[in-house]
Amino acid sequence: MSPLRVFGIALFCVLLAGCAGRGIPLPEKAGEEPAARAILLASAEAHGLAAWQGISDVSVAYAGEWHGLVTRLQPTLIDAQFRQGSEERLLLAPEPLLAQAHRGSGGEKQVVRSPAAITVAYNGQPASDKDVLAAAALVADGYRMFLTGPFYFLNGNGVLATAGSEMVDGRECDVLLAVRRPGHGLSVEDRYLLYIDREQRWLRRVRFTMEGLASTQGAVAEVDFFDHRRIAGVIWPARFFERLKKPIPNLSVHNWRLVGLDVNRGLTAAELTGPAFAGKASAAARRLEGQ
């Protein structure tokens, strides 16, 4: 039997094993449980909710590395030639608006994501492929979720329920199950597990479905958060690690880190929605100490 066929059979068996578990449970009922809401609110307060409510915009910069296999399994989602580092701008009111300036060996990729729309341009040329747009929306909403942690889940949950406890990196965490309609990206619905440290009440991990892109439907991934820093009164994760849980259990996906962050530049939507960042959005995010 050829080595390629052996690899194919082995991968098929891994996929079958992965599909048997590692998912996110379906909720027993709709609505928010008071106990779950209390844990989420405690987490938001531990992350600096009072300071967060005074922030109108956030400017960040990321750098990171992709793990090899996933770039072949999900080339449109990963877009590794362009997504090697980024400058990103998040406007919080009157509604969330995220703009991303990705860069890589292929050049520049500009993404603008609002609740109602997604636009993508490669090296200044607009993209119209539906999978490219869906993948960009999935990534943009995911990055907003990872950066803003418990604040992301304060509104918009169709379900919020307690789901037991679990150890994450030696810390006992309360686990919350959230269901959101719509989900992140172009998904009608996604499910999430939030792992909240019982001692510090920081969000240590989020596990999530990815229904917004045809090639990721049925998949489950998770992101762990490390090296938290207090900036402008808010606790931000400065290092992130993503792995796949389903269909290939514990497949490493992405290591990335926060290398710059500042808040309240007074950004406007017009400065984020052009072919490149303009005005107050154009300067690089303030470099973090040690980066």
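Cut-offs used in this document
Residues numbered from 1 in each chain as written. Predicted model: local features only at pLDDT ≥ 70, side-chain atom pairs only at ≥ 80, totals over all residues. Heavy atoms only, no water. Buried < 20%, exposed > 50% of the residue type's maximum accessible area, 1.4 Å probe, protein only. Helix = DSSP H or I, 4+ residues; strand = E, 2+ residues; numbered from the N terminus. Pairing = 2+ DSSP bridges. Lys, Arg positive; Asp, Glu negative; His and termini not counted. Salt bridge = Lys/Arg side-chain N within 4 Å of Asp/Glu carboxyl O. Core = buried A, V, L, I, M, F, W, Y, C linked by side-chain atoms within 4.5 Å. Contact = heavy atoms within 4.5 Å.

### Re the pairing of strand S4 (residues 97–104)
Of all eight residues in S4, six are buried; the element is thus mostly enclosed. Inspection of the sheet shows strand S3 (residues 85–91) paired to S4 by seven bridges, in the antiparallel sense. Its bridge partner lying in S4, Gly-85 is registered against Arg-103. Between S3 and S4, which pair antiparallel one after the other, the connecting turn spans five residues. Remark: two residues form the turn of the hairpin made by S4 and strand S5 (residues 107–114), two consecutive strands paired antiparallel.

### Re the side chain of Arg-180
Checked against the element boundaries, Arg-180 lands in strand S9 (residues 171–180). Despite being buried, Arg-180 has no salt bridge partner; Glu-32 is the closest side chain of opposite charge, sitting 7.1 Å away.

### Re the nonpolar core
Within the largest apolar cluster, 57 residues are counted, with the highest numbers of intra-cluster contacts made by Val-58, Phe-146, Phe-153, Phe-208, Trp-236 and Leu-261. If you tally residues by element for this core, the top one is helix H6 (residues 130–148), at nine residues. Sequence-distant contacts of Phe-208, defined by excluding residues within four places in its chain, comprise Ile-24, Met-145, Phe-146, His-184, Arg-191, Tyr-192, Ala-219, Val-220, Ala-221, Glu-222, Val-223 and Glu-242. If you look at the next biggest cluster of nonpolar residues, it comprises ten residues, including Ile-118, Tyr-122, Val-132 and Leu-133.

### A look at the pattern of salt bridges
The final tally for this structure, using the stated rule, is 20 salt bridges. For the salt bridge of Arg-89 with Glu-87, the shortest nitrogen-to-oxygen distance reads 2.9 Å. Judged by relative accessible area, Glu-87 falls into the buried class, the value being 16%. One network of salt bridges, with partners in common, ties together Arg-205, Arg-207, Glu-222, Asp-224 and Arg-243.

### A few points about unusual backbone geometry
Note the cis peptide between Ala-93 and Pro-94, where omega equals 5°. Cis geometry marks the peptide bond from Lys-246 to Pro-247; its omega dihedral reads 15°. Among the secondary structure elements, Pro-247 is positioned in the loop between strand S15 (239–246) and strand S16 (251–263). At Asp-79, a residue that is not glycine, the phi angle is positive and equals roughly 50°. Classification of Asp-79 as buried rests on a relative accessible area of 12%. Notably, Asn-123 is not glycine yet its phi reads approximately 50°, a positive angle.

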